[in-house]
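In case you want the letters, here they are:
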Amino acid sequence: MIRVVVVDGFSSGKFVAQRLREAGCVLMHIASSGTLDSDFYKGFDHSIYEQMLVNTDLAVTQASVVRFKAQFIIAGAESGVLLADELSERLQLPYRNDFARSLARRNKYDMIQCIAHGQLPAPRQFIAGTWALAEAWIKLQRRFPVVIKPLESTGSDSVFICDDLHDCETAVGELLGTTNRLNRPNTQVLIQEYLAGLEYVVNMVSQDGQQVVTEVVRHQKQRTQGGSILHDIDELISVESAVYPVLVDYTCAVLRCLGIRNGPSHAEVMFTEEGPKLVEIVACTDDNLRPGVSRQTTGLGQLDAVALSITSPEIFAQLLTQPDDYRLLQHTSSVGLINRAAGRFDNELFLTELLKLESFFDVVFHVENGQRLGVTQDVASQPGTVYLVHADPLVIAADYRRIRILEIQGVYLVAG
């Protein structure tokens, strides 16, 4: 039996762990820290793991992994990447990435510096620990908007798009001295040029430096009045799309720069007038994926592909030789819910309406019935995600519009 350690098996990583368990693997779970946000544990299944450990001392953790006789160590969520890298390197496991670039795979400033040194197109950027330093750099650029965000943290947590110096000062003030979702202090902020264009997500799984592309997704976002980012709607694109090979070639070059040779990668890439430029990349699975959706739309999504690369590497190697990365069996979009008014959450009527939609496939709520909701201000406060699947993209588009109308009507809100 294959023995796998999963570090922070949260988010979409819990689906990878479930798939590994179903394939007969013996699993050990390590929490990278005892101070992780409790939200990480939502939907977490302790029962699939033979052993559980919270990392408080690296030497003790390493000794436990050695006793477990781990053959693979993977990060289930972004928070687990550094520890998974460290342990894989110490044990010299074959299924690992270039340890010299480990920090650059987590620190967003180092990440962009790394690919820029590799002669890849990248945004201009600066790090600052005070507003005075940030202001001086921003004034030198003479261009708005600019993006301000933490050096670390996950996804779109505390990312601000700022249209003037006042917005920038507010964003820097809100970040410095606070703690991000990874429970790490924001002692510096990252300031980047705003990349205008269409944003895409490129998901891959690597084996010995070769990649299988599992999803390329057109990613649409909305901005709040305060400059925060909200997830709007994602659309899986076909391999026949004109931008597909350009995005894939660029992302493969990014992986080479950052030393990602084995396992999953999730890249956010802006397609600008000058071509693709990296927003950020993480060496774990896309947290927006659901295995049921992938099986309906491409047959093999990133979650199952990661498990396949571990449990059946010879079959995965065959995928590397195929001319096309995936087939678009059906179209799919995921819709991030955006609450428009204050109230208490109640999903009963909303579920009734969702079931009437021709393309409705699934919904994941991030809040409980009876929980009080304010107006959605950022990704962390979005109430949930609706997954749509259908052979006709026009049906999906109509159902998306219907969801937004229902939200305006306050369909999942009750007074109180």
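This one's a predicted model, so the numbers in the text were calculated from it and none came from an experiment.

Quick notes on the overall build of the protein chain
Along its length, the protein chain carries twelve helices and 19 strands. A compact globule built from 416 residues would reach a C-alpha radius of gyration of about 22 Å, and the protein chain, at 21 Å, matches this within 12%. Evaluated residue by residue, the protein chain yields a buried proportion of 55% over its 416 residues. Here the analysis covers contacts within the protein chain between residues at least 6 apart in sequence; of these, 68% occur between residues at least 24 apart. Working note: accessible area of the protein chain is about 17,900 Å², and carbon and sulfur atoms make up 51% of it. Between the mean site of the 36 positive side-chain charges and the mean site of the 50 negative ones, the protein chain shows a separation of 2 Å.

Details of the sheet that holds strand E8 (residues 189-193)
For sheets, the rule is that strands pair by backbone hydrogen bonds, running either parallel or antiparallel. Reading across the sheet, the four strands line up as E5-E8-E6-E7 and stay open at both edges, with antiparallel pairing between neighbours. The open sheet is flanked by strand E5 (125-128) and strand E7 (160-162), the only strands paired with a single partner. This sheet shows a mean twist of 25° between the axes of neighbouring strands, independent of strand direction. Where strand E6 (residues 146-150) and E8 come together, five bridges link them in antiparallel fashion. Looking at the pairing, Lys149 lines up with Leu190 of E8. Running over the sheet, helix H4 (residues 108-117) touches E5, E6 and E8 and is turned about 150° from E5. Across the sheet, helix H6 (residues 165-175) touches E6, E7 and E8, and the angle it forms with E6 is around 5°.

Observations concerning the domain arrangement of the protein chain
Domain boundaries assigned for the protein chain yield domain 1 (3-96), domain 2 (124-193), domain 3 (196-329) and domain 4 (331-415). Distance between the C-alpha centres of domain 3 and domain 4: 25 Å. In this assembly, 18 residues from domain 3 lie in contact with 20 residues from domain 4. Counting each side, the surface lost to burial between domain 3 and domain 4 is near 1,700 Å², with a carbon and sulfur contribution of 56%. The tally of links between domain 3 and domain 4 comes to one salt bridge. In this structure, Arg404 and Asp232 form a salt bridge, with 2.8 Å as the shortest nitrogen-oxygen distance.

So, the sheet that holds strand E4 (residues 72-75)
Taken together, the four strands give an open sheet; going across it, the order is E3-E2-E1-E4, and neighbouring strands pair in parallel fashion. Strands at the two margins of the open sheet, each flanked by one partner only, are strand E3 (51-54) and E4. Adjacent strand axes in the sheet meet at a mean angle of 20°, parallel and antiparallel pairs treated alike. Two elements, strand E2 (residues 26-31) and E3, share four bridges in a ladder whose sense is parallel. Paired with Ile30 across the two strands is Leu53, which belongs to E3. Helix H2 (residues 58-68) rests against strand E1 (3-7), E2, E3 and E4 of the sheet, and its axis sits at about 175° to E2. Strands E1, E2 and E4 of the sheet are contacted by helix H3 (residues 81-91), whose axis makes an angle of about 165° with E4.

Here's the deal with the side chain of His29
Positionally, His29 belongs in strand E2. A relative accessible area of 1% means that His29 is categorised as buried. Setting aside residues up to four positions removed in sequence, His29 forms contacts with Val6, Asp8, Gly9, Phe10, Phe44, Tyr49, Gln51, Met52 and Leu53.

Focus on the packing of aromatic side chains
What the rule picks out here adds up to 13 aromatic pairs. With a centroid separation of 5.8 Å and an interplanar angle of 80°, the aromatic rings of Phe10 and Phe40 are classed as edge-to-face. A residue pair is termed long-range when its members are at least 10 positions apart, and Phe10 in the loop between E1 and helix H1 (13-22) and Phe40 in the loop between E2 and E3 qualify at 30 residues. Accessibility classification places Phe10 together with Phe40 in one group, the buried group. Their ring planes at 75° and their centres at 5.9 Å tell us that Tyr244 and Tyr326 sit as a pair that is edge-to-face. Placement of the pair is Tyr244 in helix H7 (residues 244-258) and Tyr326 in the loop between helix H10 (313-319) and strand E14 (331-336), with a sequence separation of 82 residues. Residue Tyr244 shares its accessibility class with Tyr326, and that shared class is buried. An aromatic cluster of three or more residues is present, and its members are Phe10, Phe40, Tyr41, Phe44 and Tyr49. The ring of Phe68 has Arg3 sitting right over it, with the charged end atom 4.4 Å from the ring centre.

Side note on unusual backbone geometry
Between Phe144 and the following residue, Pro145, the backbone shows a cis peptide bond with an omega angle of 0°. With respect to the helices and strands, Pro145 occurs in the loop between helix H5 (131-141) and E6. Non-glycine residue Asp8 carries a positive phi angle of around 55°. Looking at the secondary structure, you find Asp8 in the loop between E1 and H1.

Definitions and limits used
- Residues numbered from 1 in each chain as written.
- Predicted model: local features only at pLDDT ≥ 70, side-chain atom pairs only at ≥ 80, totals over all residues.
- Heavy atoms only, no water.
- Helix = DSSP H or I, 4+ residues; strand = E, 2+ residues; numbered from the N terminus.
- Rg over C-alpha atoms; globule rule 2.2 N^0.38 Å.
- Buried < 20%, exposed > 50% of the residue type's maximum accessible area, 1.4 Å probe, protein only.
- Contact = heavy atoms within 4.5 Å.
- Areas by Shrake-Rupley, 256 points an atom, 1.4 Å probe, with all protein chains shown as cover.
- Lys, Arg positive; Asp, Glu negative; His and termini not counted.
- Charge placed at Lys NZ, Arg CZ, Asp CG, Glu CD.
- Pairing = 2+ DSSP bridges.
- Axes fitted to C-alpha atoms, helices over the stretch in contact; angles between N-to-C directions.
- Domains from an automatic or database assignment.
- Buried area = accessible area lost by both parts, 1.4 Å probe.
- Salt bridge = Lys/Arg side-chain N within 4 Å of Asp/Glu carboxyl O.
- Phe/Tyr/Trp six-rings, centres within 6.5 Å; stacked < 30°, edge-to-face > 60°.
- Lys NZ or Arg CZ within 6 Å of the ring centre and 35° of its normal.

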